[in-house]
Every structure is written in C-alpha cells, then in structure tokens.
Amino acid sequence: MRLRKRIELLIQRVLFASRWLLAPFYVALAFCVFVLMLKAGQHVLHLVRDAVSSSESSVVLDTLSLIDLTLTSSLVVLVIFSGFENFVSQVADDSDPSRPAWLTKIDFGGLKLKLMSSIVAISAIQTLRVFMDLANQNERNIIWTVGIHLTFVLSAVLLALTDRISGHASAKAEDGGH
C-alpha cells in the first residue's frame with residue numbers, strides 16, 4: 001500500500017508541476033504584443049507621413065487600424081496575466097502598487113466573457129472599416145464581414161447566457177437548492 005501511495009503522490013506532483021509548461025506560451029504572447037507594437041508604430045508613421053495628402057476617410061481607416069491593434073494588444077495582455085494567474089502562479093505581490101486591480105478578480109468564466117467582448121469589439125471595428133471603404137468593397141465581402149460579425153455577437157451573447165445560467169445553477173447548489 002505504501003508504494004501505491006508514493007506513486008500516487010509522485011503522479012500528483014508531476015501533474016501539478018506540468019502547469020509550468022504553459023509559461024512559454026505566455027512568454028510567446030508577450031513577444032506578440034511587442035510585434036503588435038511595431039505594427040502600431042508603422043501605422044503612426046504612415047499616418048503622420050501622409051496626414052496632409054490623405055483624405056479624411058483614409059485617416060479614419062488608419063486610426064481604426066490603430067484602435068484594432070490596441071484592442072488586440074490589450075486582449076493579449078489580459079490573456080497573459082489572467083491566464084498565468086489562473087493556471088500557473090501568482091503574478092506579483094499584492095503590495096506592489098503597479099499591480100492592476102483586476103488581476104486577481106478575473107476567473108476563467110470572466111476571462112472568456114472579456115475575450116468574447118474584445119473579439120466582438122475588434123470585429124465591429126473591422127466591419128466599420130469595410131463600411132468606411134464601401135467604394136472599394138464588393139457585395140460578397142460586405143455580406144461575409146457582417147455575417148462574421150453577427151456570428152461573434154451571437155456567440156458572445158450565448159456564452160454570457162450560458163455563464164449566467166451555470167452561475168445561477170452553481171449558486172443554487174451552494175445554497176442548498178433555495
């Protein structure tokens with residue numbers, strides 16, 4: 001029996017330590033934020049360089065691209081910190097004044113909802129970009145863009161409803177069914 005218990009504890013320790021296999025993924029995502037920052041810099045340089053000669057519509061489209069990059073970067077940072085905090089280890093000491101207040105408050109369900117909200121916002125910007133450039137868009141592209149956006153919106157609503165229903169079911173179970 002003792003050998004069985006030792007093997008069981010060893011397996012548990014190995015499985016528990018395996019969470020650190022996620023750390024390289026979060027480091028890779030941090031590198032992606034750096035790449036997105038470089039692309040944002042390119043957009044700003046293009047915007048400044050062509051500000052005088054560009055049309056208002058072109059400036060708005062470039063600005064929407066910058067907003068899109070910003071939202072995407074924020075989404076990646078959110079995944080890095082909340083994912084690391086939820087699945088690997090605590091990120092920083094609570095007494096650290098630079099620690100974001102939301103860091104320990106986002107559970108996996110909250111992370112999913114924030115991810116979907118960000119994806120819907122990014123999709124909305126892409127859809128707006130298509131509508132700002134209608135003269136250069138074909139009907140098929142417009143239909144696909146709107147259809148994809150509506151799919152993301154519907155997915156987000158269904159995810160929120162599912163989360164809310166499961167939250168109520170969990171709360172009732174904890175409350176003894178009342």
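Residues numbered from 1 in each chain as written. Predicted model: local features only at pLDDT ≥ 70, side-chain atom pairs only at ≥ 80, totals over all residues. Heavy atoms only, no water.

Caption draft 1: Layout of the overall build of the protein chain. When its secondary structure is counted, the protein chain shows 5 helices and 0 strands. From first element to last, N terminus to C terminus, the protein chain shows the α and β order α-α-α-α-α. In the protein chain, which comprises 178 residues, the share counted as buried stands at 21%. (Helix = DSSP H or I, 4+ residues; strand = E, 2+ residues; numbered from the N terminus. Buried < 20%, exposed > 50% of the residue type's maximum accessible area, 1.4 Å probe, protein only.)

Caption draft 2: Main features of the environment of Val76. By secondary structure assignment, the location of Val76 is in helix α3 (residues 56–87). Those residues in contact with Val76 that sit more than four places away from it in its chain are Leu29 and Val33. (Contact = heavy atoms within 4.5 Å.)

Caption draft 3: A look at a nonpolar patch on the surface. There is a patch of nonpolar side chains on the surface, built from Phe31, Phe34, Val35, Met37 and Leu38 and spanning about 500 Å² of accessible area. Here Val35 lies in helix α2 (residues 23–49). In this structure Val35 comes out as partly exposed when scored by relative accessible area, which is 36%. (Patch = residues over 30% accessible without salt bridge, like charges linked within 9 Å, V, L, I, M, F, W, Y side chains within 5 Å. Areas by Shrake-Rupley, 256 points an atom, 1.4 Å probe, with all protein chains shown as cover. Salt bridge = Lys/Arg side-chain N within 4 Å of Asp/Glu carboxyl O.)

Caption draft 4: A look at the confidence of the model for the protein chain. With 84% of its residues at a pLDDT of at least 70, the protein chain reaches an overall mean of 82. The least confident element of the protein chain is helix α5 (residues 139–174), whose mean pLDDT is 80; the most confident is α2, at 93. (pLDDT = per-residue confidence, 0-100.)

Caption draft 5: Structural context of the packing of aromatic side chains. This model, assessed by the stated rule, comprises 3 aromatic pairs. Aromatic side chains Trp20 and Phe84 sit 5.8 Å apart centroid to centroid with 75 degrees between the ring planes, which places their arrangement in the edge-to-face category. Of the two residues, Trp20 is situated in the loop between α1 (2–17) and α2 and Phe84 in helix α3; the sequence distance between them amounts to 64 residues. Accessibility expressed as a relative area gives 19% for Phe84, which makes it buried. Centre to centre, the rings of Tyr26 and Phe84 are 6.0 Å apart; their planes meet at 80 degrees, and the pair counts as edge-to-face. A residue pair is termed long-range when its members are at least 10 positions apart, and Tyr26 in helix α2 and Phe84 in helix α3 qualify at 58 residues. Here the aromatic cluster, defined as three or more aromatic residues joined through ring pairs, consists of Trp20, Tyr26 and Phe84. Across from the ring centre of Phe16, 3.9 Å away, lies the NZ or CZ of Arg19, which sits over that ring. (Phe/Tyr/Trp six-rings, centres within 6.5 Å; stacked < 30°, edge-to-face > 60°. Lys NZ or Arg CZ within 6 Å of the ring centre and 35° of its normal.)

Caption draft 6: Representation of the side chain of Ser82 within the structure. With respect to the secondary-structure elements, Ser82 resides in helix α3. At 2.6 Å, the side chain of Ser82 forms a polar contact with the backbone oxygen of Leu78. (Polar contact = N/O pair within 3.5 Å; in protein donor to acceptor, adjacent residues only side chain to side chain.)

Caption draft 7: Structural view of the pattern of salt bridges. Enumeration according to the criterion identifies 1 salt bridge in this entry. Its salt-bridge partner being Asp50, residue Arg49 comes within 3.2 Å of it at the nearest N-O pair.

Caption draft 8: Local environment of α3. Spanning 32 residues, α3 covers 46 Å between terminal C-alpha atoms, matching the ideal 46 Å at 1.5 Å per step. Sitting at the amino-terminal end of α3 is Ser55, which places a side-chain oxygen 3.1 Å from the backbone nitrogen of Ser58. (Expected span 1.5 Å × (residues − 1).)

Caption draft 9: How the structure looks around the nonpolar core. In terms of nonpolar packing, the biggest core is built from 7 residues, these being Ala23, Tyr26, Val33, Val76, Ile80, Phe84 and Val88. Those elements that place two or more of their residues in this core are α2 and α3. Once residues within four sequence positions are removed from consideration, Tyr26 is found in contact with Val79, Ile80, Gly83, Phe84, Phe87 and Val88. (Core = buried A, V, L, I, M, F, W, Y, C linked by side-chain atoms within 4.5 Å.)

Caption draft 10: Region of the structure containing α2. The end-to-end C-alpha distance of α2 is 40 Å, a good match for the 39 Å that 27 residues give at a rise of 1.5 Å each. Within the span of α2, buried status applies to Ala23, Tyr26, Val33, Leu36 and Ala40. Buried positions along α2 lie against α3.

Caption draft 11: Looking closely at the packing of α2 against α3. Between α2 and α3, the shortest axis-to-axis distance is 10 Å and the interhelical angle comes to 165 degrees. By the angle between their directions, the pair α2 and α3 is classed as roughly antiparallel. Both α2 and α3 take part in a crossing whose hand is left-handed. Broken down by class, the residue content of the contact of α2 with α3 amounts to 18 nonpolar, 7 polar and 2 charged. (Axes fitted to C-alpha atoms, helices over the stretch in contact; angles between N-to-C directions. Parallel < 35°, antiparallel > 145°, perpendicular 65-115°, else oblique. Left-handed = near helix turned anticlockwise from the far one by under 90°. Nonpolar A, V, L, I, M, F, W, Y, C, P; charged D, E, K, R; others polar.)

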